[in-house]
Amino acid sequence: MSPEYGVNIMRQIVLLIVFIAVNIASADPIKVGMLAPLSGDFASYGKTMQDGVNLAVKDLARAGIEVKAYFQDACLGAGVNTAVNDLIGLKHIDAIVGNFCVAAMPIAAPLINQHQLFTIHSATATDKILNASPYILSINGAVKVEAEKIAEYAALKLRAKTAAIYYIGTDFGEDYQRYFNERFSKLGGTVVGSYLNAVGDNDFRSAILLSKAKQPDVIFAVHLGNTLGLLLKQIRQVGMTLPVLGVYEAEDPSIVEVAGKAAEGLTFYRPDHESFLENSVRKHFVTDFKAAFGYEPGVLAANAYDGTILAVQGIKACQRAHASTALGDCVAAQIKAEASIVGASGSFNFSNDRQASRGLILMQVTAGQFVKVASAH
């Protein structure tokens, strides 16, 4: 496979050049699925992923490759298995090209393993996800890496000595709070309080009053979407003006819409794609995405786009080679073998534990906009 992929061929840019070169348009469409919240507090994340997949499907069609995409509104609990069973048993998908909710992957892993289904996880990966299946790759890296970076920012840049952590009660939240705590402590800091909220519980007032009494230097907020917006408002409503740090999913317009001025100064790391704007894949992705959907694509949209292109490209390569191994094994091996992949989400490759290795960019909300502060590689 070519390391550069996903470009609009209508502009004579290389899109899946390996397919075009051998003229392998297929009569049978490739079928792919996506798991993401399409309703509720986190629906904005599911929507942007869905748009990323749909744009990839359009670009693949221009290359003569028919792809059908199926979207499941699935995130937590028993609904995940129902969704995966539907995708496998009724839709007969060839791959899962995007998943948002960290909690979904460990639940779905037994079915993924049973059917040897190649799967891409679009959000940062917890330890459980990285250990769940040889068929799951995380296109967005690991929670551990990001959590340690934000802890270093708190201790070394902000000179914070104490921190309070507010985190969502899932593996996602627990891994972030654990790795932040460990790194912050090694750098001489102390976590003076950790406050867990269940998914859907958006009342933080009791925890905020408890942490306010302990006067932390900084807050690390492991929440997202409307929930994070409400947390920020409630923090500022009690007069707390200390810095608030978040995770990469803080880069979502819904947070600023809900929090208003309370979002000002929110700081977080996200995967680096800005350094690769000269990459023609990225340029055309951004242009086409804004033209199609009317807004700027974020990390998850780019990840979903790249995940779809990667999976389809891998499936085609395995079919062309008449691979003797299971399709999921073959596709995973094809993608992991690439030394450098250049796509809409930047430049990356996959490490031995199946997570994408990427640089990080420090971002901050300034005047209601997400503004780059610095890079950290």
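Draft legend 1. Layout of the state of the cysteines. Overall, the coordinates contain two disulfides when judged by the stated rule. Between Cys75 and Cys101 runs a disulfide, and the two sulfur atoms are separated by 1.7 Å. The sign of the -85° torsion about the S-S bond sets the Cys75-Cys101 disulfide as left-handed. On the criterion of sequence distance, the pair formed by Cys75 in the loop between strand 2 (67-73) and helix 3 (78-90) and Cys101 in the loop between strand 3 (95-99) and helix 4 (104-115) is long-range, its members being 26 residues apart. Across the disulfide, Cys318 is cross-linked to Cys330 (sulfur-sulfur distance 2.0 Å). Across the disulfide from Cys318 to Cys330, rotation about the S-S bond amounts to roughly -100°, and the bridge is consequently left-handed. Placement of Cys318 in helix 12 (residues 299-320) and of Cys330 in helix 13 (residues 327-336) is noted, with a sequence separation of 12 residues between them. Ordinal numbering of bonded cysteines along the protein defines a disulfide pattern of 1-2, 3-4.

Draft legend 2. Broad picture of the pairing of strand 7 (residues 190-197). Two strands pair when backbone bridges link them, and strand 6 (residues 162-168) and strand 7 are joined in this way by seven bridges, in the parallel orientation. The residue of strand 7 that forms the bridge with Tyr167 is Leu196. The handedness of the strand 6 to strand 7 crossover, carried by helix 7 (residues 171-186), is right-handed.

Draft legend 3. Structural context of helix 6 (residues 143-157). Its 15 residues give helix 6 an end-to-end C-alpha distance of 21 Å, which sits within 8% of 21 Å, the value for a rise of 1.5 Å per residue. Regarding helix 6, the residues found buried are Val143, Glu146, Ala147, Ile150, Ala151, Tyr153, Ala154 and Ala155. Buried-residue contacts for helix 6 involve helix 7, strand 8 (218-222), strand 9 (244-245), strand 10 (267-271) and strand 14 (360-366). Of the residues trailing helix 6, Arg159 is marked for its positive phi of about 60°.

Criteria and cut-off values
- Residues numbered from 1 in each chain as written.
- Predicted model: local features only at pLDDT ≥ 70, side-chain atom pairs only at ≥ 80, totals over all residues.
- Heavy atoms only, no water.
- Disulfide = S-S within 2.5 Å.
- Helix = DSSP H or I, 4+ residues; strand = E, 2+ residues; numbered from the N terminus.
- Pairing = 2+ DSSP bridges.
- Right-handed = clockwise from strand over helix to strand, strands pointing away.
- Expected span 1.5 Å × (residues − 1).
- Buried < 20%, exposed > 50% of the residue type's maximum accessible area, 1.4 Å probe, protein only.
- Contact = heavy atoms within 4.5 Å.

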